[in-house]
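Structural features, examined
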Amino acid sequence: MKQIYLFLFSVIPIIGIGQTLTNTSFDSNITGWTNGGVNSGTVSWDGTEGSNAIGVLKLVTTAANDRAQTNPNTNPISGAGDYKLTFKVKGTAGNKISATSFQSSNLKYGASLVLSGGWDSYSTILPDINTANMNLRIIAENIGTYYIDDITWAKIPTNRWTGTTSSSWNTPSNWSLNTVPTSSDDIVISSNGTYAPVIDTDVTISAGKSLTITSTSSAGSGSLTIAPGKILTIAGSADFGTRPVTFKSDITGTGMFGQLTGILLRATNVVVERYIPAKRAWRLLTAPLKGSSNNTVGTNWQGTANEGLLLFSPATYQSTAMTGYTTGGGSPNIWKYNSASTQWQSITDISAENLFSLNVNNGFLVFATGPHGSNTIASSTTAEATTLKPKGQLITGSVDHTLDANKYHLLGNPYASPLDTNLLRTNNPNTSFWFIDPSSGLGSYIAYSSSGDWSTDLNTANDAYIQSGQGFFVKNAAITTFTIAESHKVSGNSNTWFERTITDTSVDKIRVLLYKQINSAWQLADGILAVNSASGNHEVDAADADKMTNFNENLLFKNGTSNLAIEYRGLPAAGTLQPMQLTGTSAQPYELRIKTENYSNSNLTPYLENTQTGVLTAIPTDGSELIVPFTGIAATSAAPDSRFRIVYQAPLSADDMNSLVVGVYPNPVQEGLFTIELTNTNAPASYSLTNLLGQEVQKGMLMALTNAIPVHDLSEGVYLLQVNQEGKRFTTKLMIK
């Protein structure tokens, strides 16, 4: 960084506390200012500029490290204390200017201001000024021309942390003014006192005010902790002073750094925790930090027992020695993604893999089972909760990523704050998102389309947000820049992650969720969404969201050769088919749970068809849920289970209303056994089998949703099967072989 120093020495009178030391107008001269040092910049008076009246100090810099200064004189202070420096400055938009005080080789740093191109107001607190020789320095961080006016330097009352009573920010007796800081206070933490400060209520540093954490007090050094679920927002200025700042995370929530509209300086020693619940599942993880040292996965996620991550791998994986892991398991439990090859890659050496770098944080796929040092590798062991505690520099300001066309890119949330997915989508057009929901099995992908639809619907508002410490995939059909901005930050903690529902009355939606039975309980395994509208089409294009393959069960729409999590189509015609496929299933109980959302634009009724049994079940269009139980098969991507599809037909006629929806399989009957499947057991149901002579040869009651019917005693041939329930009848031919 090119830095040009402009030194202000006390050529003006000293005034006491509450008053100011001023060189306000430069109306006619800049007496006391000289050009000094090697490779100096040029200092002169300019009568064409002025923030109020005409007349300013003009600084022109032409090379790196140019300096302009006055000759030293009397100290511009009125006793030891905290001082506030303000001035007006004008320079090239994007250039930066800051200030320091210098006392016997001891620098006190002020904030850094990005110039707008017009007149900007600069304000900073320089704490713990004493009576030793001192210079004020205005630092031009870029080569260029700067105009400086209306300088004021004043000793001010600050509200200092004393920590005499407790660690609570919200306790008056912990502060020097015996009041909890308000929007009118400048705050200084120069010593932790008996108790170190913890922000246990949402805190905003107002515009024009400051928070300063310093390490140069004779009483000790300051630090700061933001409690789980609480927010620190900077609208004024904050200088963390390279002191320890921690954003805590636990089962109740995670501390947050709110939208930065002011100035943040020296936030380089920051820990941003991420609580991970006790569940063996894949997750996309990151650290919202940057830095060029102590920035590896091993340094930040390993090394300390009972925190971080247990990262394990066989000693040798795919003929390569694996370094930095706990030895165990059949494959590594952490992977990185290569966008160019669209492939997951194993990490040979965890101790050399950067969790973050100087400008960006990286995302990783991790199968989390417990903290570093835990004994939770084997699948038979119980998962343990853990907390990640990476340390580095906070990432602030806009973050840009270049996306290659039609490539998945794994990104990390750069901020110590949740992100609003809807704002991200709106401000990055035609981009679709994918996340991993660890609450579903071993973790399953959830899609969020460029039109604002989610492939599943969970149930808490905060789950709509990308959390601090969370990774996610994005994809765009074109080469584009994907921007994450401070304005995308939102408050709202979630440890379960993800809920998405958006209402749009111009489209008909059919949501299909796959549930599987685990330990006698039904658990969401996957989900897909059909979106039909008059402006849609049946082709696969940028509006559709691809299906990313899960680690276990997968449910998808099949359109040609494309696998889709969210399929956008035109309004259906009678007879339109929408095929679905299942992969990764096994021979165990499953359910499809289907419901519509705002189904009002089509006059056709959607049906779920089981092509294996021939059963056609109407999907309610009033938003109520249809539950269809079935037994899965060992389905793979090479041999998927394609039994289900959505069929669009005209509404049932009056005669159809007396018909009963029943599943019958296999037909023809093999090995003397077939199944009758009902949609409900709300009323008694019965069946009968009649031969072609009209003779009833077998009958019985149907007591369950799925009923196995033995026919070993019947001869081969064609029979008429009739099922009756609640005055409705189902009739079909049954062939026995």
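Residues numbered from 1 in each chain as written. Predicted model: local features only at pLDDT ≥ 70, side-chain atom pairs only at ≥ 80, totals over all residues. Heavy atoms only, no water.

Overview of the overall build of the protein chain
Filter applied, for reference: Secondary structure elements follow DSSP: runs of H or I no shorter than four residues count as helices, runs of E no shorter than two count as strands, and numbering proceeds from the N terminus. We call two residues contacting when some pair of their heavy atoms lies within 4.5 Å. What sets the accessible areas is the Shrake-Rupley method with a 1.4 Å probe; for residues, cover comes only from the shown protein chains.
Regarding its fold elements, the protein chain presents two helices and 64 strands. Here the contacts in the protein chain between residues at least 6 apart in sequence split such that 74% fall between residues at least 24 apart. As displayed, the protein chain has an accessible area near 29700 Å², and 48% of this comes from carbon and sulfur atoms.

Describing the sheet that holds strand β28 (residues 281–285)
Definition in use: Strands were regarded as paired on the criterion that DSSP finds at least two bridges between them. Orientation is described by axes fitted as lines to C-alpha atoms, over the contacting stretch for helices, and by angles from 0 to 180 degrees between their N-to-C directions.
Taken in spatial order, the four strands of this open sheet run β28-β36-β34-β35, and their pairing is antiparallel. Every interior strand has two partners, whereas the edge strands, β28 and β35 (343–346), have only one. When strand polarity is set aside, the average angle formed by the axes of neighbouring strands in this sheet is 35°. Summarising the sheet, β28 and strand β36 (residues 364–368) pair through five bridges and their orientation is antiparallel. The residue bridging Trp282 from the neighbouring strand is Phe367, located in β36.

Looking at the sheet that holds strand β13 (residues 159–160)
Here five strands make up an open sheet; going across it, the order is β13-β14-β17-β20-β25 and the pairing parallel. Each edge of the sheet is formed by a strand with only one pairing partner; in this case those strands are β13 and β25 (263–265). Note: strand β17 (residues 210–213) against strand β20 (residues 237–239), three bridges, orientation parallel. Pairing of Thr212 across the sheet is with Asp239, part of β20.

Some points on the environment of Thr348
Mapped onto the elements, Thr348 comes out in the loop between β35 and β36. With 32 residues separating them in the primary sequence, Thr348 and Thr316 have C-alpha atoms 9.4 Å apart. Contacts of Thr348, omitting those with residues within four sequence positions, involve Thr320, Ala321, Met322, Thr323 and Tyr325.

Structural notes on empty space enclosed by the protein
Selection criterion: Any residue with an atom within 4 Å of a point lines the site, the site being either a cavity, points on a 1 Å grid over the protein atoms alone where a 1.4 Å probe fits but cannot get out, or a pocket, an open set with protein on both sides within 12 Å along at least 5 of 7 lines. Grid points are joined across faces, edges and corners, and a volume is the space filled by probe spheres set on the points. In this classification, the charged set is Asp, Glu, Lys and Arg, the nonpolar set is Ala, Val, Leu, Ile, Met, Phe, Trp, Tyr, Cys and Pro, and all remaining amino acids, among them Gly, are polar.
Applying the stated criterion to the full structure yields four cavities of 30 Å³ or more. Lining the largest cavity are 15 residues, and of these Val615, Thr617, Val628, Glu677 and Thr679 sit closest to its centre. For the lining of the largest cavity, the secondary-structure elements that each account for two or more residues are β54 (605–610), β55 (615–618), β56 (626–631), β58 (662–670) and β59 (673–678). Considering every element that reaches the lining of the largest cavity, the biggest residue donor is β56, with four residues. Its residues assigned to classes, the lining of the largest cavity comprises ten nonpolar, four polar and one charged.

Concerning the packing of aromatic side chains
Keep this limit in mind: Stacked, tilted and edge-to-face are the three classes applied to pairs of Phe, Tyr and Trp rings, where Trp contributes its six-membered ring and a pair requires centres within 6.5 Å; stacked means planes under 30 degrees apart, edge-to-face means over 60, and tilted covers the rest. Whether a charge lies above a ring is judged from NZ of Lys or CZ of Arg, which has to be within 6 Å of the ring centre and within 35 degrees of the ring normal.
On inspection of all chains with the given rule, the structure shows 21 aromatic pairs. Three or more aromatic residues link up through ring pairs in this structure, and these residues are Tyr337, Trp344, Tyr408, Trp434, Tyr445 and Phe473. Cation over ring: Lys475 sits above Tyr408, and NZ or CZ is 4.6 Å from the ring centre. When the ring centre of Tyr415 is taken as origin, the NZ or CZ atom of Lys489, which lies over that ring, is 4.7 Å away.

Notes on the side chain of Asp641
Condition: Counting of polar contacts relies on pairs of N or O atoms within 3.5 Å, with two restrictions inside protein: one atom must be capable of donating a hydrogen and the other of accepting it, and residues adjacent in sequence are counted only when both atoms are side-chain atoms.
One can find Asp641 in the loop between β56 and β57 (644–649). A polar contact is formed between the side chain of Asp641 and the side chain of Arg643, at a distance of 2.8 Å. With residues up to four places along the chain from it excluded, the contact list for Asp641 reads Met580, Gln581, Leu582, Ile633 and Ala635.

Looking at the nonpolar core
Just so we agree on the cut-off: Take the buried Ala, Val, Leu, Ile, Met, Phe, Trp, Tyr and Cys residues and link them wherever side-chain atoms come within 4.5 Å; each set so joined is a nonpolar core. Only protein chains enter the accessibility calculation, which uses a 1.4 Å probe. A residue is then buried if its area is under 20% of the maximum for its type, exposed if over 50%, and partly exposed in between.
Core analysis: the biggest nonpolar cluster contains 69 residues, and Leu211, Leu224, Leu232, Phe240, Trp301, Ile334 and Leu394 have the highest contact counts within it. Apart from the residues within four sequence positions on either side, Leu232 is in contact with Ile199, Val203, Ile205, Leu211, Leu224, Ile226, Phe240, Met256, Phe257 and Gly258. Of all hydrophobic cores here, the second largest spans 24 residues; its members include Leu555, Leu564, Leu582 and Phe630.

Describing the environment of Ser221
Position of Ser221 among the secondary structure elements: in the loop between β17 and β18 (224–226). Judged by relative accessible area, which is 28%, Ser221 ranks as partly exposed. Sequence separation between Ser221 and Pro244 is 23 residues, and the spatial gap between their C-alpha atoms is 9.5 Å.

Here we look at the pairing of strand β48 (residues 521–533)
Where burial is concerned, most of β48 is hidden: ten out of the 13 residues are buried. As judged from the twelve bridges shared by strand β47 (residues 507–518) and β48, these two strands associate in the antiparallel manner. Paired with Gln517 across the strands is Trp522, a residue of β48. Hairpin connection, β47 to β48: the antiparallel pair is bridged by two residues, and Asn519 has positive phi, about 55°. Of the pairings in the sheet, the one linking β48 to strand β51 (residues 562–570) comprises five bridges and is parallel in character. Among the inter-strand pairings, Ala530 is bridged to a residue of β51, identified as Glu567.

Observations regarding unusual backbone geometry
The bulk of non-glycine residues show a negative phi, and the bulk of peptide bonds are trans. Cis peptide bonds are those with omega within 30 degrees of zero, and the linkage from Asn667 to Pro668 qualifies with 15°. Even without a glycine there, the phi angle at Thr342 is positive, about 50°. Relative to the helices and strands, Thr342 resides in the loop between β34 (334–338) and β35. With relative accessibility at 32%, the residue Thr342 sits in the partly exposed group. Of note in the backbone geometry, Glu726 takes a positive phi value of approximately 50° without being a glycine. Of note, Glu726 is situated in the loop between β63 (717–725) and β64 (728–736).

Quick word on the confidence of the model for the protein chain
Test applied: Confidence scores per residue from the predictor, reported as pLDDT, run from 0 to 100.
Per-residue confidence for the protein chain gives a mean pLDDT of 84, with 86% of residues at or over 70. pLDDT under 50 marks residues 497–503. Its contacts with residues more than four places away, or in other chains, come to 35 contacts.

Some thoughts on the pattern of salt bridges
Two side chains carrying opposite charge are able to pair once their charged atoms lie near each other. The condition that has to hold: In what follows, salt bridge is the name for a side-chain nitrogen of Lys or Arg lying within 4 Å of a carboxyl oxygen of Asp or Glu.
Tallied over the entire structure, the rule returns 18 salt bridges. Across the pair Lys248 and Glu273 runs a salt bridge, and its minimum N-O distance is 3.0 Å. Of this pair, Lys248 sits in the loop between β21 (245–247) and β22 (249–250) while Glu273 is found in the loop between β26 (270–272) and β27 (274–276), placing the two residues 25 residues apart along the sequence. The exposure class of Lys248 is partly exposed, given its relative accessible area of 30%.

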